[in-house]
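As a plain string of letters, each chain reads:
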Amino acid sequence: MVRRLAVLLAAAVILSGCTEQRLFAVRAVAAGVPSLAPFFEEDGSLGTDETKLRPEQAHSGLQQGNTPGLYGGTQKPKVCDVDRLKDFLTDPRNRQKAREWARIVGIEPDRIEGYINDLTPVLLRHDTLVKNHDYKKGKAVAFDALLEAGIAVLVNDQGLPAVKCSCGNPLQSFDKDPEKISVKFEDGNKKWDGYEKSDVVTVKPAPEPLERIALIDVDNPDQGINRPVGSSGENDEPFDATKQHAVPRVAGMTFDQASQRLSELGLAAAFSDGLPPGDAAVTGSDPGPGTELRFGEAVTLSVADDGEEPGTPPKSDPSDGPPTDDDPTSDDPTSDGPTTDGPTTDEPTTSGPTTDGPTSSDPTTDDPGTGDPDTGGPTSDEPTTDRPTTGEPTTIEPTTAVPTTPTTSSTPPTVEPTSAEPTSAEPTSAEPTRSEPVTSEPASSAPGSSGAPASDESAVGAA
């Protein structure tokens, strides 16, 4: 019995060791703690962290770079001195460091200055996973790192952390499973207040290049800051972060379209089970359309199963709220009223003979793509919003038969009128959405090219 217990104990130790080996070691990097092997000596002249900023609770472990409120800002000087970083990396005496720095970034050394001009200083509001780089013996050495909230970084036009401000180390996206990490607090980087492994964030690229980034003022959380990409604070536009915005109707959009639309309104796109493909069809949101949310609050998007095409009306939409004036998609087939893109009739059809004009034939159902021919049955009493058919004029005699009962669908007909022709075998598709012009409210993710290069003046930027 003793021998059996010993064998079982040894097996348990071996298995636990194997489990530990499968975890990825991640080095904790605390705010304000100098690196042991930085590209630039951390003497406070290149950038400073906000050491008293506690990590925010994350609504999702994966967040896109256009998420409103993902990053913070401040008007304090020297949070990140972009001009000093450019001078350092373009100094001939630092040629080898510049070569390694450019190699990690993926550019030629002579493009360093222009590349830095397109970066934007911000403060992390979440403990964030990245791939960091030391400089040892003339080479950049990569290591996985967890950066504490409050660390100042430069982000690119997709919202990805690109440079750690205080030491100039280049950063890349974390490319491992964040669920399988083992965070190591060592070399003076003690576990900080507010650290929770469940709130660690990994940032993925925004679906479109950003024109500006919507930040939260870390000194006044009720105020937001719209910061143009490539600027250091001199062109900041403040806005009221307490103002609420209505959740738009997103069913029928692709995931990227829905994420972009939410971001334009200052709302975050949340999701479960990993980041969906950009072209995945969104079937609904939680909370639903019309719900008022504050800047930065999250809307969880549900997507269709594999095989459904974007734009297909959802089988069931948990978004049961009313559309709002802010919703540019209120003219899609999910709205309560008839569409205005095709001829409509305000009167019910009669049982008289049809003419060469648009027919109203059979009652509409949720399955117009069956391709059944017109049987000449009596029409329903409900007006349709279909576009006119293009077939030959019918010669059906008027009938007095009792109208057939329309087929009931899983969704109430008043919620989702069909926009397809009954004789078409093609799947229906949602009407294209029209994007509303972005107001002076948060507009962190409006598509567009990167901001203009920053000035060559040696003005000190704010993050």
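Predicted, not measured: the structure shown is a model, and the values here were computed from it. (Residues numbered from 1 in each chain as written. Predicted model: local features only at pLDDT ≥ 70, side-chain atom pairs only at ≥ 80, totals over all residues. Heavy atoms only, no water.)

### Structural notes on the overall build of the protein
Each helix and strand in the protein was counted, giving five helices and 19 strands. Split into buried and exposed, the 463 residues of the protein put 46% on the buried side. Taking the intrachain contacts of the protein between residues at least 6 apart in sequence as the baseline, contacts between residues at least 24 apart amount to 77%. When the accessible surface of the protein is totalled, it reaches about 23500 Å², and 50% of it is carbon and sulfur. (Helix = DSSP H or I, 4+ residues; strand = E, 2+ residues; numbered from the N terminus. Buried < 20%, exposed > 50% of the residue type's maximum accessible area, 1.4 Å probe, protein only. Contact = heavy atoms within 4.5 Å. Areas by Shrake-Rupley, 256 points an atom, 1.4 Å probe, with all protein chains shown as cover.)

### Observations regarding the side chain of glutamate 50
Considering the arrangement of structural elements, one finds glutamate 50 in the loop between β1 (24–29) and β2 (62–64). By relative accessible area, glutamate 50 is classed as buried at 17%. In this structure, glutamate 50 is in contact with Ala31, Lys76, Leu123, Ala149 and Gly150, ignoring residues within four places of it in sequence.

### Describing the state of the cysteines
Within the structure shown, the criterion is met by one disulfide. In this structure cysteine 167 is not part of a disulfide, and its nearest cysteine sulfur, from cysteine 165, lies 8.9 Å away. (Disulfide = S-S within 2.5 Å.)

### Re the environment of serine 259
Tracing the sequence through the fold places serine 259 in helix α5 (residues 255–264). Overall, serine 259 belongs to the buried group, its relative accessible area being 3%. Along the primary structure serine 259 and valine 282 are separated by 23 residues, whereas in three dimensions their C-alpha atoms are 10.0 Å apart. Apart from the residues within four sequence positions on either side, serine 259 is in contact with Gln64, Asn66, Pro207, Ala269 and Leu301.

### Observations regarding the nonpolar core
Most often, soluble globular proteins have nonpolar side chains that are buried together. By size, the foremost hydrophobic cluster in this structure holds 28 residues, and its most contacted members are Trp101, Ile112, Ile116 and Leu154. Those elements that place two or more of their residues in this core are α2 (82–90), α3 (95–105), α4 (112–117), β7 (152–155) and β8 (161–164). When sequence neighbours within four positions are dropped, the list of residues in contact with leucine 154 reads Cys80, Val82, Leu85, Leu119, Thr120, Pro121, Leu160, Pro161, Ala162, Val163 and Cys165. Counting 24 residues, the second largest nonpolar core, distinct from the first, contains Val130, Val201, Val203 and Leu210. (Core = buried A, V, L, I, M, F, W, Y, C linked by side-chain atoms within 4.5 Å.)

### Observations regarding the sheet that holds strand β12 (residues 212–217)
Each strand in a sheet pairs with its neighbour through backbone hydrogen bonds, running either in the same direction (parallel) or in the opposite one (antiparallel). The sheet built from seven strands is open, its strands ordered β8-β7-β4-β3-β12-β13-β14 with mixed pairing. Pairing within the sheet leaves two strands with one partner each, and these edge strands are β8 and β14 (237–240). Each strand axis lies, on average, 50° off the axis of its neighbour in the sheet, ignoring direction. Here strand β3 (residues 71–73) runs beside strand β4 (residues 120–124); their pairing, made up of two bridges, is antiparallel. (Pairing = 2+ DSSP bridges. Axes fitted to C-alpha atoms, helices over the stretch in contact; angles between N-to-C directions.)

### Some thoughts on α2
Since the α-helix advances by 3.6 residues per turn, residues separated by three or four positions end up pointing in the same direction. The complete set of buried residues in α2 reads Val82, Asp83, Leu85, Lys86, Phe88 and Leu89. Looking at the packing, one finds that the buried side of α2 touches α3, α4, β7 and β8.

### Points about the confidence of the model for the protein
Residues with a pLDDT of 70 or more make up 61% of the protein, whose mean pLDDT is 74. At the low end of the mean pLDDT range in the protein sits helix α1 (residues 2–21), at 57; at the high end sits β8, at 98. (pLDDT = per-residue confidence, 0-100.)

### Side note on the pairing of strand β17 (residues 282–286)
Counting buried positions along β17 gives four out of five residues, so the element sits mostly inside the fold. Alignment of β17 against strand β19 (residues 298–303), held across four bridges, turns out to be antiparallel. Across the sheet, serine 285 pairs through a bridge with leucine 301, a residue of β19.

### A closer look at the environment of glycine 65
Topologically, glycine 65 is positioned in the loop between β2 and β3. In the structure, glycine 65 is positioned 96 residues away from proline 161 in sequence and 8.9 Å away in space, judged by C-alpha atoms. Residues in contact with glycine 65, not counting those within four places in the same chain, are Leu70, Gln158, Gly159, Val203, Lys204, Pro205, Ala206 and Leu210.

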